[in-house]
Amino acid sequence: MSHRAEQIITAAREAIAAEFRGAVYEHRAFSMLEDEGELPAVSVDYGADDPPDDDGASNFAFFDSLLTVETAIYIRGTEESTVKKDLLDARRAIHVALMADRTLGLPFVIDTRYGGADAPEFNTDGEYIAGLLVCRWLVHYRMNISDPS
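Residues numbered from 1 in each chain as written. Predicted model: local features only at pLDDT ≥ 70, side-chain atom pairs only at ≥ 80, totals over all residues. Heavy atoms only, no water.

(A) Molecular detail of the overall build of the chain. Check the secondary structure of the chain and you find 2 helices and 6 strands. Seen in sequence order, the chain has helices and strands lined up from the N terminus as α-β-β-β-α-β-β-β. Buried residues in the chain amount to 39% of all 149 residues. Considering only intrachain contacts with a sequence separation of at least 6, the fraction spanning at least 24 residues in the chain is 64%. Within the structure as shown, the chain displays about 8000 Å² of accessible surface, and the carbon and sulfur contribution to it stands at 48%. (Helix = DSSP H or I, 4+ residues; strand = E, 2+ residues; numbered from the N terminus. Buried < 20%, exposed > 50% of the residue type's maximum accessible area, 1.4 Å probe, protein only. Contact = heavy atoms within 4.5 Å. Areas by Shrake-Rupley, 256 points an atom, 1.4 Å probe, with all protein chains shown as cover.)

Written out as structure tokens, the structure reads:
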């Protein structure tokens, strides 16, 4: 069985795929100039995984941790205003998907919390305007001290 962090990423991808109108991938980085067929797209990946307490354990039987789930939204369009709107529409779809079940359907997830978003990035080098928006979510989960699967 895989690490619980990987199980969380898969559950988040599945939830987002049910709500987002586009491709949803795990652990995939895109060039903002990729082929049109792949966009719009969201990549779900993990970031930092930190204990909520300084000592890492609030109990002798398990560890609690806050996994940063990063969702990178990739959109392409012909006008900056349309790309900005589409980025926000995708951001809303991700929010709705992840907040519908804050445990992500996993018995070891305690809560999912909003972790912020970066400013959007734009690339205008090609025929289209490509936009990227990274949003973060903090997933509070619990794991066995001797095995994180």
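(B) Representation of helix α1 (residues 4-19). With 16 residues, α1 should reach 22 Å at 1.5 Å per residue; the first-to-last C-alpha distance of 23 Å fits that figure. Of the positions making up α1, those classed as buried are Arg4, Ala5, Gln7, Ile8, Ile9, Ala11, Ala12 and Ile16. For α1, the elements touching its buried residues are β1 (23-26), β2 (41-50), β3 (62-77), α2 (80-100), β4 (109-117) and β6 (129-144). (Expected span 1.5 Å × (residues − 1).)

(C) Geometry of the pattern of salt bridges. Applying the stated rule across the entire model yields 9 salt bridges. Across the pair glutamate 80 and lysine 84 runs a salt bridge whose closest N-O atoms are separated by 3.4 Å. In this pair, glutamate 80 and lysine 84 are both assigned in helix α2, 4 residues apart and thus about one turn of the helix distant. Given the relative accessible area of 39%, lysine 84 is considered partly exposed. (Salt bridge = Lys/Arg side-chain N within 4 Å of Asp/Glu carboxyl O.)

(D) Representation of the packing of aromatic side chains. Within the structure shown, the criterion is met by 1 aromatic pair. Ring centres of tyrosine 114 and tryptophan 137 lie 5.3 Å apart, and the angle between their planes is 70 degrees; on these two criteria the pair is classed as edge-to-face. One end of the pair, tyrosine 114, is in strand β4; the other, tryptophan 137, is in strand β6, and 23 residues separate them in sequence. Tyrosine 114 sits in the partly exposed class, given a relative accessible area of 41%. For tryptophan 137, a relative accessible area of 2% puts it in the buried group. (Phe/Tyr/Trp six-rings, centres within 6.5 Å; stacked < 30°, edge-to-face > 60°.)

(E) Just the pairing of β2, in detail. As defined by bridge partners, β1 adjoins β2 across 4 bridges and the pair is classed as parallel. Within the sheet, the bridge partner assigned to valine 24 lies in β2 and is valine 42. The sheet contact formed by β2 and β3 spans 8 bridges and is antiparallel. Opposite tyrosine 46, over in β3, you have valine 69 as the bridge partner. (Pairing = 2+ DSSP bridges.)

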